[in-house]
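Chain by chain, the residues run as shown.
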Amino acid sequence: MSILAFSSHLLHYPLSPIQCCKVSTFAPGSAYQLERGLEFDTGGAFYRQESATGRDLGVLAASLQKKANGSLRVIDALCGCGIRSLRYLAEAEADFVAANDGNESYRSTIVENLSRVSREEEKRWVVTHLEANRVMTDYYLQKSFFDFIDVDSFGSDSSFLRSAINALKLGAAYGAYVRPMPYSNEVGLRMLIGGAVREAAVLGYHITPLFSYYAYHGPVFRVLLRLNRGKIHDSRHYGYIGYCHQCGNSHEFSWDQLGQISCSCSMPKVSKSLVVSGPLWTGPLHDATYLMDMLDLAKQWGWIGCDGKDSLEKLIKLMVDESDPKLPFGYIKLDEMASRAKMNSPPLKTLMSALHQKGYAVSRSQIATNAIKTNCPMTECIRISKELLQVSVA
């Protein structure tokens with residue numbers, strides 16, 4: 001199994017990961033930062049404290065990769081000040097990290113940070129300053145392959161996909177059309193996965209998403225993907241998503257159906273209110289078993305309950321809930337539902353309970369706070385909500 005971690009903004013002695021409660025803070029009396037107990041210097045490179053959760057997820061995944069394979073080689077293709085590389089070395093106990101950033105002025109900062117874990121002559125890490133595609137392609141041409149590749153970029157990751165897949169170890173762990181939709185941030189994650197699916201298929205592989213994470217700051221779209229040997233010859237979970245502005249329902253379409261798409265609210269006429277995005281990934285965004293392994297590891301490391309908020313635990317459990325195979329793509333915002341129905345929406349938990357009782361699958365969305373993922377159509381959600389409000393008034 002090989003692992004790809006993609007983020008898009010629109011992971012002298014081994015250190016114990018069980019050192020701290022605060023995720024990311026300033027080190028008192030110095031210009032240094034602290035993240036999970038590791039002190040480091042940003043050196044003027046871009047650094048965002050709010051992205052620490054995404055780095056937490058990457059480190060947990062990398063550690064699981066080492067436990068499964070017995071070794072861990074990592075490329076941090078756009079490393080900035082080197083905080084992800086530092087954490088992969090110190091917490092995931094990577095055997096080797098290739099830390100690359102195109103800005104050579106960051107070299108002394110990166111070297112200083114990584115030297116906190118091991119000396120440069122121990123050859124557990126190397127710092128380079130090449131274009132990200134170049135460094136991954138160079139390793140591929142040298143037949144030097146990696147177990148875990150982290151690409152944390154600004155803008156689209158599509159230009160890095162093929163070189164990243166080529167540099168992954170075998171047997172170890174683009175163009176698209178986007179239209180405005182209420183769940184556009186989830187569409188962003190699905191576009192990112194869809195790009196990897198296309199590139200992997202060209203090279204004879206297929207992709208399994210392990211987790212998909214969205215954060216509003218930035219915003220940040222982060223996905224962790226498992227590269228599997230062998231091409232899947234059908235088009236399961238890869239197609240187009242349609243959203244009807246008239247009724248609020250969503251639909252999935254294949255390439256063959258594009259010329260005849262419509263919504264049931266306007267059949268047999270062509271739906272002028274139906275907008276389509278794709279091609280993209282339409283399947284599950286997470287792997288529940290893998291997420292539970294990550295949560296167990298976070299508990300072992302003392303990362304759960306230490307901040308008084310259990311934010312990491314809540315996030316992972318929410319992703320597990322979203323992993324229900326009965327749940328389709330997209331989510332329903334309660335504000336949108338209330339606007340369509342010209343009524344106040346019932347409390348989120350009350351609506352979820354009612355949907356469960358009527359046999360629908362439902363979970364909260366980790367992307368939007370006041371939204372639900374469900375296989376219940378928008379029109380039926382409105383009807384059930386009206387019933388709930390009538391009962392509460394009576």
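In short, a report on the structure.

Conventions and cut-offs
- Residues numbered from 1 in each chain as written.
- Predicted model: local features only at pLDDT ≥ 70, side-chain atom pairs only at ≥ 80, totals over all residues.
- Heavy atoms only, no water.
- Helix = DSSP H or I, 4+ residues; strand = E, 2+ residues; numbered from the N terminus.
- Buried < 20%, exposed > 50% of the residue type's maximum accessible area, 1.4 Å probe, protein only.
- Areas by Shrake-Rupley, 256 points an atom, 1.4 Å probe, with all protein chains shown as cover.
- Expected span 1.5 Å × (residues − 1).
- Arc of directions from axis to C-beta.
- Contact = heavy atoms within 4.5 Å.
- Polar contact = N/O pair within 3.5 Å; in protein donor to acceptor, adjacent residues only side chain to side chain.
- Phe/Tyr/Trp six-rings, centres within 6.5 Å; stacked < 30°, edge-to-face > 60°.
- Lys NZ or Arg CZ within 6 Å of the ring centre and 35° of its normal.
- Salt bridge = Lys/Arg side-chain N within 4 Å of Asp/Glu carboxyl O.
- Pairing = 2+ DSSP bridges.
- Axes fitted to C-alpha atoms, helices over the stretch in contact; angles between N-to-C directions.

1. Points about the overall build of the protein
Helix and strand counts for the protein come out as 11 helices and 16 strands. Scored against the burial criterion, the 394 residues of the protein give a buried share of 56%. Total accessible area on the protein stands at roughly 17,300 Å², and carbon and sulfur atoms take up 53% of it.

2. Digging into helix α7 (residues 288–300)
Taking 1.5 Å as the rise per residue, α7 with 13 residues should run 18 Å; its terminal C-alpha atoms sit 19 Å apart, in good agreement. Within α7, the full set of buried residues consists of Y290, L291, M294, L295, L297 and A298. Each buried residue of α7 lies within a common arc of 160 degrees when the element is viewed along its axis, so the set occupies one face. In this structure, α7 carries T289 and Q300 as exposed residues pointing more than 90 degrees from its buried face. Structurally, α7 contributes buried residues whose contacts are with α1 (52–69), β9 (205–215), β10 (220–229) and α8 (311–322). Sitting at the amino-terminal end of α7 is D287, which places a side-chain oxygen 3.1 Å from the backbone nitrogen of T289.

3. Structural notes on the packing of aromatic side chains
Taken as a whole and judged by the stated rule, the model has 10 aromatic pairs. With a centroid separation of 4.8 Å and an interplanar angle of 75 degrees, the aromatic rings of Y139 and F146 are classed as edge-to-face. Residue class for F146 comes out buried when judged on its relative accessible area of 0%. An aromatic cluster is present here, built from F96, Y139 and F146 joined pairwise through their rings. Directly above the aromatic system of W303 lies the positively charged group of R36, at a separation of 4.4 Å from the ring centroid. Across the ring face of F146, the terminal group of R73 is positioned such that the distance to the ring centre comes to 4.3 Å.

4. Some details on helix α2 (residues 83–90)
In terms of burial, α2 is largely enclosed, as eight of its eight residues are buried. Listing the buried residues of α2 in full gives I83, R84, S85, L86, R87, Y88, L89 and A90.

5. Describing the pattern of salt bridges
Following the criterion strictly, the structure yields 23 salt bridges and no others. A salt bridge links R55 to E35, with the shortest nitrogen-to-oxygen separation between them at 2.7 Å. Residue R55 is found in helix α1, and its partner E35 is found in strand β3 (residues 33–35); the two are separated by 20 residues along the sequence. Just as R55 is buried, E35 falls in that class too. Close ionic contact of E336 with R340 constitutes a salt bridge, the shortest N to O distance being 3.1 Å. With E336 and R340 both in helix α9 (residues 334–341) and four residues apart, the pair spans about one turn of that helix. Relative accessible area serves as the criterion here: at 17%, E336 is assigned to the buried category. Among the ionic contacts, a cluster of salt bridges with common partners joins E35, R36, R55, D56, R87 and E91.

6. With respect to the pairing of strand β12 (residues 250–253)
With burial as the criterion, only one face of β12 is covered, namely that bearing H251 and F253; the residues S250 and E252 on the opposite face remain uncovered. In the sheet, strand β11 (residues 238–244) pairs with β12 via four bridges, with the strands oriented antiparallel. Within β12, the position partnered with Y243 by the bridge is S250. From the end of β11 to the start of β12, which pair antiparallel, there are five residues, and G248 there has a positive phi angle of about 85 degrees.

7. Considerations on unusual backbone geometry
Note the cis peptide between G278 and P279, where omega equals 0 degrees. Locating P279 in the fold gives a position in strand β13 (residues 274–281). Here the phi dihedral of R36 falls at roughly 50 degrees; this positive angle occurs in a residue that is not glycine. Mapped onto the secondary structure, R36 falls in the loop between β3 and β4 (38–40). One non-glycine residue, E93, lies in the positive phi region at around 55 degrees. Relative to the elements of secondary structure, E93 occurs in the loop between α2 and β6 (96–100).

8. Describing the sheet that holds β12
With antiparallel pairing, three strands are arranged side by side in an open sheet as β12-β11-β13. Both outer strands of the open sheet, β12 and β13, are each paired with one neighbouring strand and no more. With strand direction ignored, the average angle separating the axes of adjacent strands in the sheet is 25 degrees. Taken strand by strand, helix α6 (residues 184–202) contacts β11 and β13, and its axis lies near 45 degrees from that of β13.

9. Section: the environment of E252
One can find E252 in strand β12. The exposure class of E252 is partly exposed, given its relative accessible area of 43%. In this structure the C-alpha to C-alpha distance between E252 and V276, which are 24 residues apart in sequence, comes to 9.1 Å. Side-chain polar atoms of E252 contact the side chain of T282, separated by 2.9 Å.

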